[in-house]
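Architecture at a glance
Take a look at the letters that make up each chain.
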Amino acid sequence: MSKTCMITGASRGIGRAIAISLSDRTDITNFILISRTEAGLEDTASQMNADKNIEISALDLTDYLATQELVQSVGQKYETIDMLINVAGYANPKSLLETSIDDWEETYSVNVHSIFNITKETVKYMKKTGGQILNVASTAGTSARPGWLAYASSKAAIISMSQTLSEELSDYGILVYCISPGRCATELRKVLAPDEDPSTIMQPEHVGEVVNQLLSNDGICLDGQNIVVRKQTVKAFQQQATKQII
Ligand SMILES: NC(=O)c1ccc[n+]([C@@H]2O[C@H](COP(=O)([O-])OP(=O)(O)OC[C@H]3O[C@@H](n4cnc5c(N)ncnc54)[C@H](OP(=O)(O)O)[C@@H]3O)[C@@H](O)[C@H]2O)c1
């Protein structure tokens, strides 16, 4: 098999960890790494399995037309797109009265509208052969987060969107996954919790491992669900894996 996989938010953090983890798989040949920062994407590519065909695309996902053109060029070049991993996200935590309409729109542009846009364009190619879409939401999308109004509600939208798309796209053989990480040591987390010690929380590599597992055949019955990925979840997953090896 020689699958083609597009990953957004791949210049650092969780997106980078997912790209590195997936690059060890034998079923994926082509990777398209997307974010605005070329240097970060090149750094990610340099840490991936060197046998893979890796293309980087420095793109602002809120440029909807440019995103559509990128997907079209990928779809035409590789004939289908087998995996879309929507990781890119933005957070500017503020309360209701502190949030301007511009803040609100910026959050929804990156966290919701851009995912709608890239997913719609990708499905035009993916529906020929089936495939997998994985969206990164957040535990903030399912519980009250005073002071994070725009971010938390945008993540709730992604959880809902994933559930609907899971059913809507099943006719094409497309599985849609949604993961909601808890606290994970990245630049975005520093914006949300500047005083936290990053060494005490989940690392991006943990999320990368879970995504890799989900997108293997083991995750075939888990589409459509909002899968919470927390540090204790990762431990339990590792213990279970160890028991199976023993
Ligand atoms: N860290 C956590 O605790 C946590 C918890 C739950 C959910 N999440 C979610 O996990 C995802 C990844 O975040 P992270 O924690 O890994 O943060 P991060 O290290 O800050 O990464 C964010 C990524 O999004 C990209 N991005 C942001 N705006 C973009 C735009 N307009 N166009 C293209 N790319 C854009 C960034 O790349 P450029 O700057 O190069 O464009 C970067 O690659 C986000 O959706 C976040 O909401 C994180």
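The rules behind the values
- Within each chain, residue numbers correspond to sequence positions counted from 1 in written order.
- Totals for whole chains, interfaces and linings use all residues, but because this is a predicted model, local features are given only for residues with pLDDT of at least 70 and pairs of side-chain atoms are given and counted only at 80 or more.
- Excluded from the side-chain calculation are hydrogens and water; included are all heavy atoms of the structure.
- UniProt positions are given in the numbering used here, feature names are shortened, and annotations may be inferred rather than shown by experiment.
- Planes of paired rings set the category: under 30 degrees apart is stacked, over 60 is edge-to-face and the rest tilted, where pairs are Phe, Tyr or Trp rings (Trp by its six-membered ring) whose centres lie within 6.5 Å.
- We count a stretch as a helix when DSSP gives it H or I for four or more residues in a row; a strand needs E for two or more, and each element gets its number in order from the N terminus.
- Summary of the burial criterion: residues with accessible area below 20% of their type's maximum are buried, those above 50% are exposed, and those between are partly exposed, where the area comes from a 1.4 Å probe applied to protein chains only.
- Here a polar contact means two N or O atoms within 3.5 Å. Within protein one must be a hydrogen donor candidate and the other an acceptor candidate, and residues neighboring in sequence count only if both atoms are side-chain atoms.
- Here the expected span of a helix is defined as 1.5 Å times the quantity of residues minus one.
- Contact criterion: two residues are considered in contact whenever any of their non-hydrogen atoms come within 4.5 Å of each other.
- Pairing between strands is defined by DSSP: at least two bridges between the two strands are required.

As annotated in an unreviewed UniProt entry, the protein chain carries the name Short chain dehydrogenase/reductase family oxidoreductase and comes from Lederbergia lenta. As stated in UniProt under Sequence similarities (unreviewed entry), the record for the protein chain gives "Belongs to the short-chain dehydrogenases/reductases (SDR) family."

Moving on, we come to the packing of aromatic side chains. Per the stated rule, a full pass over the model turns up 2 aromatic pairs. With a centroid separation of 4.9 Å and an interplanar angle of 20°, the aromatic rings of Trp104 and Tyr108 are classed as stacked. With Trp104 and Tyr108 both in helix 4 (residues 101-126) and 4 residues apart, the pair spans about one turn of that helix. The exposure class of Tyr108 is buried, given its relative accessible area of 15%.

One can find Asn135 in strand 5 (residues 131-136). What makes Asn135 buried here is its relative accessible area of 2%. Reaching out from Asn135, the side chain makes a polar contact with the side chain of Asn86 at a distance of 2.8 Å. Only 3.0 Å separates the side chain of Asn135 from the side chain of Ser162, close enough to count as a polar contact.

This part covers helix 5 (residues 149-168). Across its 20 residues, helix 5 extends 29 Å between first and last C-alpha, which sits within 8% of the 28 Å expected from 1.5 Å per residue. For helix 5, the secondary structure elements touched by its buried residues are helix 4, strand 5, strand 6 (174-181), helix 6 (187-192) and strand 7 (226-229).

Turning to the pairing of strand 2 (residues 28-35), a few remarks are in order. Along strand 2, 7 of the 8 residues are buried, which leaves the element largely enclosed by surrounding structure. Two elements, strand 1 (residues 3-8) and strand 2, share 6 bridges in a ladder whose sense is parallel. Note that in strand 2 the partner of Met6 across the bridge is Ile32. Sheet analysis places strand 2 next to strand 3 (residues 53-58), joined by 6 bridges and oriented parallel. Bridge pairing links Asn30 to Asn53 in strand 3.

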